[in-house]
There are 2 protein chains.
Amino acid sequence: MKNKIPPASVERLPLYLSCLGDLSAEKSRVSSEKLSSLAKVNSAQVRRDLSYLGTLGTRGVGYEITTLKNRLEIELGLVKGWNTIIVGVGNLGSALAQYDGFREKGFGVVGLYDVDPKKISSQVAGLVIKSTEEIEEDCKKYKVAIGIIATPAEFAQETANSLIACGIQSILNFAPFRLQNIGNVNIRNVDLSQELQVLSYYLDSPPV
Amino acid sequence: MKNKIPPASVERLPLYLSCLGDLSAEKSRVSSEKLSSLAKVNSAQVRRDLSYLGTLGTRGVGYEITTLKNRLEIELGLVKGWNTIIVGVGNLGSALAQYDGFREKGFGVVGLYDVDPKKISSQVAGLVIKSTEEIEEDCKKYKVAIGIIATPAEFAQETANSLIACGIQSILNFAPFRLQNIGNVNIRNVDLSQELQVLSYYLDSPPV
(Lines give C-alpha, C1' and ligand atoms only; values in the text may rest on other atoms or scores of the structure.)
Protein backbone atom coordinates (compact mmCIF):
# COMPACT_ATOMS: atom_id res chain seq x y z
CA MET A 1 0.00 0.00 0.00
CA LYS A 2 1.14 3.51 -0.81
CA ASN A 3 0.93 6.09 1.96
CA LYS A 4 2.29 9.09 0.12
CA ILE A 5 -1.00 10.87 -0.44
CA PRO A 6 -3.55 11.23 2.38
CA PRO A 7 -6.58 8.94 1.77
CA ALA A 8 -9.04 11.86 1.69
CA SER A 9 -6.98 13.48 -1.09
CA VAL A 10 -6.77 10.19 -3.03
CA GLU A 11 -10.57 10.05 -3.02
CA ARG A 12 -10.78 13.45 -4.69
CA LEU A 13 -8.27 12.70 -7.48
CA PRO A 14 -10.80 10.80 -9.67
CA LEU A 15 -13.16 13.76 -9.32
CA TYR A 16 -10.51 16.21 -10.58
CA LEU A 17 -9.75 13.85 -13.46
CA SER A 18 -13.43 13.74 -14.37
CA CYS A 19 -13.71 17.56 -14.20
CA LEU A 20 -10.66 17.95 -16.45
CA GLY A 21 -12.41 15.74 -19.01
CA ASP A 22 -15.08 18.44 -19.32
CA LEU A 23 -12.50 21.08 -20.18
CA SER A 24 -9.81 19.65 -22.40
CA ALA A 25 -11.37 20.50 -25.75
CA GLU A 26 -11.82 24.15 -24.85
CA LYS A 27 -8.54 25.32 -23.38
CA SER A 28 -5.01 24.27 -22.45
CA ARG A 29 -4.82 25.59 -18.89
CA VAL A 30 -7.09 25.59 -15.88
CA SER A 31 -6.92 27.60 -12.66
CA SER A 32 -7.39 26.02 -9.24
CA GLU A 33 -10.41 28.31 -8.85
CA LYS A 34 -12.08 26.92 -12.00
CA LEU A 35 -11.31 23.35 -10.90
CA SER A 36 -12.63 24.24 -7.45
CA SER A 37 -15.95 25.40 -8.87
CA LEU A 38 -16.33 22.34 -11.12
CA ALA A 39 -15.41 19.84 -8.40
CA LYS A 40 -17.14 21.77 -5.59
CA VAL A 41 -14.03 21.49 -3.42
CA ASN A 42 -12.53 24.69 -2.00
CA SER A 43 -9.60 26.00 -4.01
CA ALA A 44 -7.01 25.78 -1.19
CA GLN A 45 -7.90 22.10 -0.87
CA VAL A 46 -7.61 21.63 -4.66
CA ARG A 47 -4.10 23.15 -4.59
CA ARG A 48 -3.09 21.03 -1.58
CA ASP A 49 -4.44 17.81 -3.16
CA LEU A 50 -2.67 18.48 -6.45
CA SER A 51 0.57 19.48 -4.68
CA TYR A 52 0.97 15.78 -3.75
CA LEU A 53 1.47 15.07 -7.45
CA GLY A 54 4.47 17.43 -7.60
CA THR A 55 4.61 21.11 -8.46
CA LEU A 56 2.37 21.32 -11.48
CA GLY A 57 0.58 24.62 -11.09
CA THR A 58 1.98 28.10 -11.68
CA ARG A 59 0.64 31.02 -9.66
CA GLY A 60 -1.49 33.25 -11.88
CA VAL A 61 -1.26 30.78 -14.78
CA GLY A 62 -2.82 27.60 -13.44
CA TYR A 63 -2.31 23.99 -14.44
CA GLU A 64 -1.55 22.68 -17.90
CA ILE A 65 -4.56 20.41 -18.50
CA THR A 66 -2.94 17.59 -20.50
CA THR A 67 0.01 17.35 -18.09
CA LEU A 68 -2.29 17.30 -15.08
CA LYS A 69 -4.55 14.63 -16.63
CA ASN A 70 -1.57 12.42 -17.43
CA ARG A 71 -0.14 12.89 -13.94
CA LEU A 72 -3.49 11.98 -12.32
CA GLU A 73 -3.83 8.89 -14.53
CA ILE A 74 -0.32 7.75 -13.65
CA GLU A 75 -0.74 8.41 -9.93
CA LEU A 76 -4.07 6.56 -9.84
CA GLY A 77 -2.50 3.64 -11.70
CA LEU A 78 -5.06 3.91 -14.51
CA VAL A 79 -2.50 3.69 -17.30
CA LYS A 80 -1.56 0.17 -16.22
CA GLY A 81 -4.96 -1.30 -17.05
CA TRP A 82 -6.52 -3.57 -14.43
CA ASN A 83 -8.49 -6.75 -14.89
CA THR A 84 -11.72 -6.95 -12.91
CA ILE A 85 -14.45 -9.55 -12.46
CA ILE A 86 -18.10 -9.08 -11.52
CA VAL A 87 -19.88 -11.49 -9.19
CA GLY A 88 -23.67 -11.40 -9.39
CA VAL A 89 -25.10 -10.84 -12.86
CA GLY A 90 -28.54 -9.42 -12.16
CA ASN A 91 -29.53 -6.05 -13.57
CA LEU A 92 -26.84 -4.22 -11.63
CA GLY A 93 -24.06 -6.67 -12.54
CA SER A 94 -25.16 -6.57 -16.20
CA ALA A 95 -25.23 -2.77 -16.14
CA LEU A 96 -21.72 -2.65 -14.66
CA ALA A 97 -20.46 -5.14 -17.27
CA GLN A 98 -21.69 -2.79 -19.98
CA TYR A 99 -20.75 0.49 -18.27
CA ASP A 100 -18.56 2.53 -20.63
CA GLY A 101 -17.03 4.50 -17.76
CA PHE A 102 -15.02 1.45 -16.62
CA ARG A 103 -13.34 0.79 -19.95
CA GLU A 104 -12.61 4.48 -20.46
CA LYS A 105 -10.68 4.55 -17.21
CA GLY A 106 -8.66 1.42 -18.01
CA PHE A 107 -10.67 -1.21 -16.17
CA GLY A 108 -11.45 -4.32 -18.20
CA VAL A 109 -14.11 -6.78 -17.09
CA VAL A 110 -12.69 -10.25 -17.81
CA GLY A 111 -15.24 -12.46 -16.05
CA LEU A 112 -18.88 -12.58 -14.95
CA TYR A 113 -20.06 -15.10 -12.33
CA ASP A 114 -23.38 -16.13 -10.86
CA VAL A 115 -24.85 -18.98 -8.83
CA ASP A 116 -28.08 -19.16 -10.84
CA PRO A 117 -27.98 -22.14 -13.28
CA LYS A 118 -30.41 -20.27 -15.56
CA LYS A 119 -27.88 -17.47 -16.01
CA ILE A 120 -24.74 -19.58 -16.31
CA SER A 121 -23.63 -20.02 -19.96
CA SER A 122 -25.69 -17.08 -21.21
CA GLN A 123 -23.90 -13.97 -22.46
CA VAL A 124 -23.71 -10.38 -21.24
CA ALA A 125 -21.50 -7.69 -22.77
CA GLY A 126 -19.75 -10.32 -24.90
CA LEU A 127 -18.79 -12.48 -21.91
CA VAL A 128 -20.18 -15.91 -21.03
CA ILE A 129 -21.52 -15.98 -17.44
CA LYS A 130 -19.72 -18.69 -15.45
CA SER A 131 -20.35 -20.50 -12.19
CA THR A 132 -18.79 -18.88 -9.12
CA GLU A 133 -16.81 -22.11 -8.74
CA GLU A 134 -14.61 -20.98 -11.61
CA ILE A 135 -13.57 -17.73 -9.93
CA GLU A 136 -10.42 -19.08 -8.27
CA GLU A 137 -8.92 -20.54 -11.44
CA ASP A 138 -9.84 -17.46 -13.51
CA CYS A 139 -8.30 -15.11 -10.95
CA LYS A 140 -4.95 -16.81 -11.46
CA LYS A 141 -5.32 -17.14 -15.21
CA TYR A 142 -6.29 -13.50 -15.83
CA LYS A 143 -4.35 -11.92 -12.92
CA VAL A 144 -7.54 -10.29 -11.63
CA ALA A 145 -6.82 -7.18 -9.56
CA ILE A 146 -10.30 -6.12 -8.44
CA GLY A 147 -13.43 -8.10 -7.61
CA ILE A 148 -16.74 -6.27 -8.06
CA ILE A 149 -19.69 -7.50 -6.00
CA ALA A 150 -23.20 -6.96 -7.42
CA THR A 151 -25.06 -9.71 -5.55
CA PRO A 152 -28.15 -9.21 -3.39
CA ALA A 153 -27.26 -7.70 0.02
CA GLU A 154 -27.54 -10.99 1.90
CA PHE A 155 -24.83 -12.68 -0.21
CA ALA A 156 -22.36 -9.79 -0.23
CA GLN A 157 -20.32 -10.87 2.81
CA GLU A 158 -19.90 -14.51 1.77
CA THR A 159 -19.03 -13.41 -1.75
CA ALA A 160 -16.36 -11.08 -0.35
CA ASN A 161 -14.99 -13.88 1.83
CA SER A 162 -14.73 -16.24 -1.12
CA LEU A 163 -13.08 -13.58 -3.32
CA ILE A 164 -10.51 -13.02 -0.57
CA ALA A 165 -9.96 -16.79 -0.33
CA CYS A 166 -9.27 -16.71 -4.09
CA GLY A 167 -6.50 -14.18 -3.47
CA ILE A 168 -8.34 -10.98 -4.51
CA GLN A 169 -6.86 -8.00 -2.65
CA SER A 170 -9.28 -5.25 -3.72
CA ILE A 171 -13.06 -5.39 -3.62
CA LEU A 172 -15.66 -2.92 -4.83
CA ASN A 173 -19.05 -3.66 -3.32
CA PHE A 174 -22.26 -2.41 -4.97
CA ALA A 175 -24.60 -4.56 -2.84
CA PRO A 176 -26.59 -2.42 -0.37
CA PHE A 177 -24.70 -3.90 2.62
CA ARG A 178 -21.58 -2.35 4.11
CA LEU A 179 -18.74 -4.90 4.08
CA GLN A 180 -16.16 -4.54 6.80
CA ASN A 181 -12.46 -4.35 5.99
CA ILE A 182 -10.72 -7.62 6.70
CA GLY A 183 -6.94 -7.91 7.10
CA ASN A 184 -4.97 -6.42 4.26
CA VAL A 185 -7.80 -6.43 1.75
CA ASN A 186 -8.94 -3.07 0.41
CA ILE A 187 -12.74 -2.91 0.42
CA ARG A 188 -14.82 0.01 -0.85
CA ASN A 189 -18.58 0.12 -0.44
CA VAL A 190 -20.63 2.06 -2.99
CA ASP A 191 -23.93 3.35 -1.63
CA LEU A 192 -26.00 4.30 -4.67
CA SER A 193 -28.41 6.20 -2.43
CA GLN A 194 -25.72 8.52 -1.06
CA GLU A 195 -26.08 11.16 -3.77
CA LEU A 196 -29.88 10.99 -3.51
CA GLN A 197 -29.49 11.84 0.17
CA VAL A 198 -27.35 14.86 -0.69
CA LEU A 199 -30.03 16.04 -3.16
CA SER A 200 -32.65 15.49 -0.49
CA TYR A 201 -30.83 17.90 1.84
CA TYR A 202 -31.25 20.68 -0.71
CA LEU A 203 -34.92 20.01 -1.34
CA ASP A 204 -36.90 22.50 0.65
CA SER A 205 -40.37 21.13 0.98
CA PRO A 206 -41.81 17.61 1.11
CA PRO A 207 -44.29 16.41 -1.49
CA VAL A 208 -47.79 17.14 -0.16
CA MET B 1 -31.76 26.08 -0.95
CA LYS B 2 -30.35 25.74 2.54
CA ASN B 3 -26.93 27.24 3.20
CA LYS B 4 -26.57 26.36 6.86
CA ILE B 5 -24.14 23.45 6.45
CA PRO B 6 -21.10 23.72 4.13
CA PRO B 7 -21.60 21.58 0.97
CA ALA B 8 -18.54 19.41 1.70
CA SER B 9 -19.98 18.56 5.11
CA VAL B 10 -23.42 17.81 3.63
CA GLU B 11 -21.76 15.27 1.34
CA ARG B 12 -20.32 13.39 4.32
CA LEU B 13 -23.59 13.19 6.29
CA PRO B 14 -24.97 10.19 4.32
CA LEU B 15 -21.68 8.39 4.96
CA TYR B 16 -21.95 8.91 8.73
CA LEU B 17 -25.55 7.71 8.60
CA SER B 18 -24.45 4.59 6.75
CA CYS B 19 -21.65 3.93 9.27
CA LEU B 20 -24.07 4.31 12.19
CA GLY B 21 -26.22 1.60 10.60
CA ASP B 22 -23.34 -0.82 11.14
CA LEU B 23 -23.24 -0.09 14.85
CA SER B 24 -26.72 0.36 16.23
CA ALA B 25 -27.35 -3.25 17.22
CA GLU B 26 -24.14 -3.46 19.23
CA LYS B 27 -24.02 -0.37 21.40
CA SER B 28 -25.82 2.84 22.33
CA ARG B 29 -22.96 5.33 21.98
CA VAL B 30 -20.20 5.98 19.50
CA SER B 31 -17.07 8.12 19.80
CA SER B 32 -15.96 10.52 17.07
CA GLU B 33 -12.79 8.38 16.82
CA LYS B 34 -14.79 5.21 16.09
CA LEU B 35 -16.93 7.07 13.54
CA SER B 36 -13.74 8.52 12.08
CA SER B 37 -12.24 5.07 11.55
CA LEU B 38 -15.45 3.66 10.01
CA ALA B 39 -16.00 6.63 7.69
CA LYS B 40 -12.29 7.18 7.00
CA VAL B 41 -12.65 10.90 7.73
CA ASN B 42 -10.37 12.46 10.33
CA SER B 43 -11.98 12.79 13.75
CA ALA B 44 -11.68 16.59 14.00
CA GLN B 45 -13.58 16.78 10.70
CA VAL B 46 -16.21 14.34 12.00
CA ARG B 47 -16.75 16.51 15.09
CA ARG B 48 -16.92 19.68 12.98
CA ASP B 49 -19.40 18.13 10.49
CA LEU B 50 -21.64 16.85 13.28
CA SER B 51 -21.45 20.14 15.18
CA TYR B 52 -23.59 21.67 12.40
CA LEU B 53 -26.43 19.44 13.60
CA GLY B 54 -26.30 21.01 17.08
CA THR B 55 -24.35 19.90 20.15
CA LEU B 56 -24.95 16.19 20.17
CA GLY B 57 -21.64 14.76 21.38
CA THR B 58 -20.26 14.77 24.92
CA ARG B 59 -16.51 14.87 25.48
CA GLY B 60 -15.30 11.48 26.67
CA VAL B 61 -18.74 9.93 26.17
CA GLY B 62 -19.39 10.32 22.46
CA TYR B 63 -22.66 10.50 20.55
CA GLU B 64 -25.88 8.70 21.38
CA ILE B 65 -26.38 6.59 18.25
CA THR B 66 -30.18 6.67 17.94
CA THR B 67 -30.31 10.43 18.54
CA LEU B 68 -27.57 11.07 16.00
CA LYS B 69 -29.23 8.81 13.38
CA ASN B 70 -32.56 10.60 13.82
CA ARG B 71 -30.89 14.00 13.64
CA LEU B 72 -29.05 13.04 10.42
CA GLU B 73 -32.25 11.68 8.85
CA ILE B 74 -34.14 14.86 9.71
CA GLU B 75 -31.34 17.16 8.52
CA LEU B 76 -31.04 15.25 5.21
CA GLY B 77 -34.80 15.41 4.76
CA LEU B 78 -35.06 11.61 4.55
CA VAL B 79 -37.99 11.38 6.94
CA LYS B 80 -40.18 13.33 4.53
CA GLY B 81 -40.11 10.67 1.83
CA TRP B 82 -39.43 11.84 -1.72
CA ASN B 83 -40.93 10.66 -4.99
CA THR B 84 -38.45 9.93 -7.75
CA ILE B 85 -38.69 8.80 -11.37
CA ILE B 86 -36.15 6.93 -13.49
CA VAL B 87 -35.61 7.78 -17.16
CA GLY B 88 -33.88 5.05 -19.18
CA VAL B 89 -34.87 1.50 -18.25
CA GLY B 90 -31.92 -0.54 -19.47
CA ASN B 91 -29.98 -2.73 -17.07
CA LEU B 92 -28.87 0.20 -14.94
CA GLY B 93 -32.34 1.79 -14.77
CA SER B 94 -33.87 -1.61 -13.92
CA ALA B 95 -31.24 -2.18 -11.23
CA LEU B 96 -31.91 1.24 -9.72
CA ALA B 97 -35.69 0.60 -9.78
CA GLN B 98 -35.10 -2.54 -7.71
CA TYR B 99 -32.32 -1.17 -5.48
CA ASP B 100 -33.33 -1.71 -1.83
CA GLY B 101 -31.06 1.08 -0.65
CA PHE B 102 -33.37 3.74 -2.14
CA ARG B 103 -36.53 2.57 -0.38
CA GLU B 104 -34.65 2.15 2.92
CA LYS B 105 -33.62 5.79 2.81
CA GLY B 106 -37.12 7.05 2.04
CA PHE B 107 -36.91 7.41 -1.75
CA GLY B 108 -39.83 5.90 -3.63
CA VAL B 109 -39.63 5.27 -7.37
CA VAL B 110 -43.04 6.24 -8.78
CA GLY B 111 -42.35 6.12 -12.52
CA LEU B 112 -40.13 4.46 -15.14
CA TYR B 113 -39.78 5.95 -18.63
CA ASP B 114 -38.08 4.91 -21.85
CA VAL B 115 -38.18 5.82 -25.55
CA ASP B 116 -37.95 2.20 -26.75
CA PRO B 117 -41.43 0.97 -27.90
CA LYS B 118 -40.34 -2.61 -27.07
CA LYS B 119 -39.88 -1.64 -23.41
CA ILE B 120 -42.93 0.58 -23.01
CA SER B 121 -45.84 -1.24 -21.29
CA SER B 122 -43.61 -3.98 -19.86
CA GLN B 123 -43.06 -4.13 -16.10
CA VAL B 124 -40.00 -3.66 -13.88
CA ALA B 125 -40.10 -3.67 -10.08
CA GLY B 126 -43.89 -3.64 -10.14
CA LEU B 127 -44.08 -0.52 -12.31
CA VAL B 128 -45.26 -0.30 -15.92
CA ILE B 129 -42.64 1.39 -18.13
CA LYS B 130 -44.15 4.44 -19.80
CA SER B 131 -43.23 6.66 -22.73
CA THR B 132 -41.06 9.67 -21.86
CA GLU B 133 -43.96 11.76 -23.22
CA GLU B 134 -45.85 11.02 -20.02
CA ILE B 135 -43.17 12.46 -17.72
CA GLU B 136 -44.57 15.97 -17.54
CA GLU B 137 -48.06 14.93 -16.50
CA ASP B 138 -46.76 12.35 -14.00
CA CYS B 139 -44.41 14.88 -12.41
CA LYS B 140 -47.38 17.03 -11.51
CA LYS B 141 -49.61 14.13 -10.49
CA TYR B 142 -47.05 12.48 -8.20
CA LYS B 143 -45.20 15.64 -7.08
CA VAL B 144 -41.90 14.17 -8.23
CA ALA B 145 -38.93 15.69 -6.39
CA ILE B 146 -35.97 13.99 -8.06
CA GLY B 147 -35.38 12.76 -11.61
CA ILE B 148 -32.87 9.92 -12.02
CA ILE B 149 -31.16 9.59 -15.41
CA ALA B 150 -30.00 6.14 -16.48
CA THR B 151 -29.93 6.64 -20.24
CA PRO B 152 -26.90 6.04 -22.50
CA ALA B 153 -24.34 8.86 -22.20
CA GLU B 154 -25.35 10.53 -25.48
CA PHE B 155 -28.95 11.09 -24.33
CA ALA B 156 -28.15 12.32 -20.81
CA GLN B 157 -28.09 16.04 -21.60
CA GLU B 158 -31.33 16.13 -23.59
CA THR B 159 -33.02 14.01 -20.92
CA ALA B 160 -31.87 16.47 -18.26
CA ASN B 161 -33.15 19.39 -20.34
CA SER B 162 -36.55 17.80 -20.75
CA LEU B 163 -36.78 16.93 -17.03
CA ILE B 164 -36.00 20.57 -16.22
CA ALA B 165 -38.66 21.67 -18.71
CA CYS B 166 -41.09 19.42 -16.79
CA GLY B 167 -40.30 21.35 -13.62
CA ILE B 168 -37.89 18.88 -11.96
CA GLN B 169 -35.50 20.78 -9.68
CA SER B 170 -33.13 17.95 -8.68
CA ILE B 171 -31.42 15.48 -10.99
CA LEU B 172 -29.25 12.48 -10.23
CA ASN B 173 -27.32 11.39 -13.31
CA PHE B 174 -25.94 7.85 -13.60
CA ALA B 175 -25.08 8.13 -17.30
CA PRO B 176 -21.31 8.25 -17.87
CA PHE B 177 -21.47 11.88 -19.01
CA ARG B 178 -20.99 14.85 -16.67
CA LEU B 179 -24.03 17.13 -16.88
CA GLN B 180 -23.44 20.78 -16.20
CA ASN B 181 -25.46 22.67 -13.62
CA ILE B 182 -28.08 24.85 -15.25
CA GLY B 183 -29.81 27.72 -13.46
CA ASN B 184 -31.34 26.79 -10.14
CA VAL B 185 -31.46 23.06 -10.80
CA ASN B 186 -29.43 20.84 -8.51
CA ILE B 187 -27.59 18.24 -10.58
CA ARG B 188 -25.38 15.47 -9.16
CA ASN B 189 -23.33 13.21 -11.41
CA VAL B 190 -22.54 9.70 -10.20
CA ASP B 191 -19.35 8.25 -11.69
CA LEU B 192 -19.49 4.52 -11.01
CA SER B 193 -15.80 4.21 -11.90
CA GLN B 194 -14.69 6.66 -9.20
CA GLU B 195 -14.30 4.07 -6.45
CA LEU B 196 -12.51 1.72 -8.86
CA GLN B 197 -9.99 4.50 -9.46
CA VAL B 198 -9.42 4.87 -5.71
CA LEU B 199 -8.82 1.11 -5.44
CA SER B 200 -6.45 1.33 -8.38
CA TYR B 201 -4.32 3.87 -6.48
CA TYR B 202 -3.71 1.33 -3.73
CA LEU B 203 -2.84 -1.51 -6.10
CA ASP B 204 0.90 -1.79 -6.21
CA SER B 205 1.74 -3.71 -9.34
CA PRO B 206 0.09 -4.06 -12.73
CA PRO B 207 -1.09 -7.41 -14.05
CA VAL B 208 1.78 -8.91 -16.07
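What counts and how
Starting from 1, residues in each chain are numbered consecutively following that chain's sequence as written. Think of it this way: whatever chain is written first is A, whatever ligand is written first is 1, and the rest follow in order. In keeping with the predicted nature of the model, local features appear solely for residues at pLDDT of at least 70, side-chain atom pairs appear and are counted solely at 80 or more, and the whole-chain, interface and lining totals rest on all residues. In this description a helix means any DSSP run of H or I spanning at least four residues, a strand means any run of E spanning at least two, and both kinds are numbered starting from the N terminus. Here exposure depends only on C-beta density: within 10 Å of a residue's C-beta, 20 or more other C-beta atoms make it buried, 12 or fewer make it exposed, and intermediate numbers make it partly exposed, the C-beta atoms being placed from the backbone. Consider the strands pointing away from the viewer: the crossover is right-handed when the path from the first strand over the helix to the second runs clockwise. Whether two strands pair depends on DSSP finding at least two bridges between them. Our contact criterion uses C-beta atoms placed from the backbone: two residues qualify when those atoms are within 7 Å. Amino acids outside the nonpolar list (Ala, Val, Leu, Ile, Met, Phe, Trp, Tyr, Cys, Pro) and the charged list (Asp, Glu, Lys, Arg) are all regarded as polar, and Gly is one of them. Least-squares superposition of the copies uses the C-alpha atoms of those residues scoring a pLDDT of at least 70 in each of them. Every axis in this analysis is a line fitted to C-alpha atoms, fitted for helices over the stretch in contact. Angles between the N-to-C directions lie between 0 and 180 degrees. Expected helix span is given by 1.5 Å per residue-to-residue step, counting one fewer step than there are residues. Note: the arc covers the axis-to-C-beta directions of the helix. What makes a crossing left-handed is the near helix being turned counterclockwise from the far one by less than a right angle; a clockwise turn instead makes it right-handed. Orientation is classified from the angle alone, with under 35 degrees giving roughly parallel, over 145 giving roughly antiparallel, 65 to 115 giving roughly perpendicular, and any other angle giving oblique. Put simply, a nonpolar core is a cluster of buried Ala, Val, Leu, Ile, Met, Phe, Trp, Tyr and Cys residues tied together by C-beta atoms within 7 Å.

Draft legend 1. View of the overall build of chain A. In terms of helices and strands, chain A carries nine helices and 10 strands. Overall, the C-alpha framework of chain A stretches about 60 × 55 × 35 Å when taken along its three principal axes. The burial tally for chain A puts 43% of its 208 residues in the buried class.

Draft legend 2. Here's a closer look at the pairing of strand β9 (residues 170-173) of chain A. Residue and element names in this part refer to chain A. Side chains S170 and L172 project from β9 onto one buried face, and the interleaved I171 and N173 project onto a second face that is buried too. Taken together, strand β8 (residues 146-149), helix α8 (residues 156-165) and β9 form a β-α-β motif whose crossover is right-handed. As judged from the four bridges shared by β9 and strand β10 (residues 186-189), these two strands associate in the parallel manner. Paired with L172 across the strands is R188, a residue of β10.

Draft legend 3. Just the environment of A:G54, in detail. If you trace the backbone, A:G54 turns up in the loop between α3 (43-51) and β2 (57-58). Residues A:G54 and A:L20, spaced 34 residues apart in sequence, show a C-alpha to C-alpha distance of 18 Å.

Draft legend 4. How the structure looks around the interface of chain B and chain A. Residue-level contacts link 60 residues of chain B with 60 residues of chain A. Sort the elements by how many residues they give to the side of chain B that touches chain A and helix α9 (residues 194-202) of chain B lands first, with nine residues. In terms of residue class, the side of chain B that touches chain A is built from 32 nonpolar, 15 polar and 13 charged.

Draft legend 5. Region of the structure containing the sheet that holds β10(A). Residues and elements named next belong to chain A. On the basis of which strands lie adjacent, the open sheet formed by seven strands has the order β6-β7-β5-β4-β8-β9-β10 and mixed pairing. A strand with exactly one partner marks an edge of an open sheet, and here the two such strands are β6 (123-124) and β10. Of the strand pairs in this sheet, β6 and strand β7 (residues 127-131) are connected by two bridges, and their pairing is antiparallel. Residue pairing in the sheet places Q123 in a bridge with V128 of β7.

Draft legend 6. Expanded view of the relation of the copies chain B and chain A. For the match of chain B to chain A, the screw axis carries a shift of 0.0 Å, the RMSD comes to 0.0 Å, and the turn is 180°. One copy is carried onto the other by what is essentially a two-fold rotation axis. Closest to the rotation axis within chain B is the C-alpha of B:N91, separated from it by 2.4 Å. Both copies contact each other with a shared surface, as 100% of the interface residues of chain B are interface residues in chain A too.

Draft legend 7. Spatial organisation of the sheet that holds strand β7 (residues 127-131) of chain B. Residue and element names in this part refer to chain B. An order of β6-β7-β5-β4-β8-β9-β10 is seen for the seven strands of this open sheet, with the pairing classed as mixed. Since the sheet does not close on itself, it has two edges, and those belong to β6 (123-124) and β10 (186-189), each with one partner. Along the sheet, helix α7 (residues 135-142) contacts β4 (82-87) and β5 (107-114); its crossing angle with β5, the most-contacted strand, is approximately 165°.

Draft legend 8. Local environment of helix α1 (residues 7-23) of chain B. Taking 1.5 Å per residue, 17 residues should reach 24 Å; α1(B) reaches 26 Å between its end C-alpha atoms and fits that length. Turning to α1(B), its buried residues are B:R12, B:L13, B:P14, B:L15, B:Y16, B:L17, B:S18 and B:C19. Buried-residue contacts for α1(B) involve α9 (194-202) of chain A together with α2 (32-39), α3 (43-51) and α4 (65-75) of chain B.

Draft legend 9. Spatial organisation of α8(A). Residues and elements named next belong to chain A. If you check which residues of α8 are buried, you get A156, T159, A160 and L163. Down the axis of α8, the smallest arc covering the buried residues is 100°, so these residues share one side. Set apart from the buried face of α8 by more than 90 degrees, the exposed residues are E158 and A165.

Draft legend 10. Representation of the packing of helix α1 (residues 7-23) of chain A against helix α4 (residues 65-75) of chain A in the model. All names here are of chain A. Axis separation between α1 and α4 bottoms out at 10 Å; the angle between their running directions is 145°. In terms of crossing hand, the pair formed by α1 and α4 is left-handed. For the pair α1 and α4, the contacting residues are L13, Y16, L17, L20 and L23 in the first and I65, L68, K69, L72, E73 and E75 in the second. Of the residues belonging to the contact of α1 with α4, the class tally is eight nonpolar, no polar and three charged.

Draft legend 11. The arrangement of unusual backbone geometry in detail. The residue A:K40 is not glycine, and still its phi comes out positive at about 55°. Position of A:K40 relative to the elements: it lies in the loop between α2 (32-39) and α3.

Draft legend 12. Structural view of the packing of α1(B) against α2(B). Residues and elements named next belong to chain B. Packing of α1 against α2 leaves a shortest axis separation of 10 Å and a crossing angle of 105°. Taken together, the axes of α1 and α2 are roughly perpendicular relative to one another. From α1, L15, Y16, C19 and D22 reach across to α2, where they touch L35, L38 and A39.

Draft legend 13. Layout of the environment of A:G90. Examined against the element boundaries, A:G90 turns out to sit in the loop between β4 (82-87) and α5 (91-98). What makes A:G90 partly exposed here is the crowd of 17 C-beta atoms within 10 Å. Between the C-alpha atoms of A:G90 and A:C166, which are 76 residues apart in sequence, the distance is 22 Å. Once you skip the residues sitting within four places of it in the chain, A:G90 turns out to touch A:A150 and B:A95.

Draft legend 14. How the structure looks around the nonpolar core. Formed by 116 residues in total, the largest nonpolar core has its most connected members in A:I86, A:L96, B:I86 and B:L96. The residues touching A:L96, leaving out its near neighbours within four places in the chain, are A:I86, A:I148, A:A150, A:F174 and B:L192.

Draft legend 15. How the structure looks around the environment of B:R178. Structurally, B:R178 is set in the loop between β9 (170-173) and β10. Using a count of 17 C-beta atoms within 10 Å as the deciding quantity, one classes B:R178 as partly exposed. If we skip the residues at most four places from it in the chain, B:R178 touches A:S18, A:D22 and B:N189.

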